[in-house]
Amino acid sequence: LDNLDRVYGFSTDARGNGQMIAEILQQDYGSDLVNAVMISNNFYAEFMPLLKSRFESKELTIPYSPDVIDDFRLVTMVKGIPKIPDARTAEEGNRKRLRHGDTAVAECMVEHAIKNDSGYQTYEYEPVKTANTMLMLGDDNDD
């Protein structure tokens, strides 16, 4: 984060192992910049539809990566809520990294950060108009 320009806010998982990381980030960067999110059914119910909408409007594309595609394929409807179930993706061949919809959750965090960004203010400049009595109007000296 220290090397990123124009960071106005971000959201991070604050459940389980992520809770300690979220707390450290809030201590280092302030709670006005760091949104510590407790992922719950309410979180999924609010932000998965926003994510789906961005896909449908083609505002969001994902890389052609088997892991990333598998992450988004994990999203399922559970009691009317689109969410990542507790299951992890299965191992394939030499792939030992079991995933849990990491990219889909990360994109939901982006939606959360966009919606909850309170620190950013657009910078606008409007010059102040004043009468300048120091202007030398009508100076006929051509020396």
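The following refers to the structure shown. (Residues numbered from 1 in each chain as written. Predicted model: local features only at pLDDT ≥ 70, side-chain atom pairs only at ≥ 80, totals over all residues. Heavy atoms only, no water.)

### Points about the packing of helix 3 (residues 66-73) against helix 4 (residues 102-115)
- For the pair helix 3 and helix 4, the least separation of the axes is 6 Å and the interaxial angle reads 70 degrees. Classified by the angle between their axes, helix 3 and helix 4 sit roughly perpendicular to one another. Residue-level contacts link Val68, Asp71 and Phe72 of helix 3 to Asp102, Thr103, Ala104 and Glu107 of helix 4.
- When grouped by side-chain class, the residues that make up the contact of helix 3 with helix 4 number 3 nonpolar, 1 polar and 3 charged. (Axes fitted to C-alpha atoms, helices over the stretch in contact; angles between N-to-C directions. Helix = DSSP H or I, 4+ residues; strand = E, 2+ residues; numbered from the N terminus. Parallel < 35°, antiparallel > 145°, perpendicular 65-115°, else oblique. Contact = heavy atoms within 4.5 Å. Nonpolar A, V, L, I, M, F, W, Y, C, P; charged D, E, K, R; others polar.)

### Here's the deal with the pairing of strand 1 (residues 10-13)
- Sheet topology note: the strand 1/strand 2 (residues 34-37) ladder contains 4 bridges and is parallel. Residue pairing in the sheet places Thr12 in a bridge with Ala36 of strand 2. (Pairing = 2+ DSSP bridges.)

### Observations regarding unusual backbone geometry
- The backbone phi angle of Lys58 is positive, close to 65 degrees, even though this residue is not glycine.
- Positionally, Lys58 belongs in the loop between helix 2 (41-56) and helix 3.
- Judged by relative accessible area, Lys58 falls into the exposed class, the value being 69%.
- Although it is not a glycine, Lys79 adopts a positive phi angle of roughly 55 degrees.
- By secondary structure assignment, the location of Lys79 is in the loop between strand 3 (76-78) and strand 4 (81-83).
- Since its relative accessible area comes to 84%, Lys79 is described here as exposed. (Buried < 20%, exposed > 50% of the residue type's maximum accessible area, 1.4 Å probe, protein only.)

### A few points about the pattern of salt bridges
- Applying the stated criterion across every chain, the model contains 3 salt bridges.
- Where Lys52 meets Glu56, a salt bridge forms, and the shortest distance between an N and an O atom there is 3.5 Å. Of this pair, Lys52 and Glu56 both sit in helix 2, separated by 4 residues, roughly a single helical turn.
- With relative accessibility at 51%, the residue Lys52 sits in the exposed group.
- Judged by its relative accessible area of 55%, Glu56 is exposed.
- Arg54 is the salt-bridge partner of Glu111, the closest N and O atoms lying 2.4 Å from each other. Of this pair, Glu111 sits in helix 4 while Arg54 sits in helix 2, and the two are 57 residues apart along the sequence. An identical accessibility class is assigned to Glu111 and Arg54; each is buried. (Salt bridge = Lys/Arg side-chain N within 4 Å of Asp/Glu carboxyl O.)

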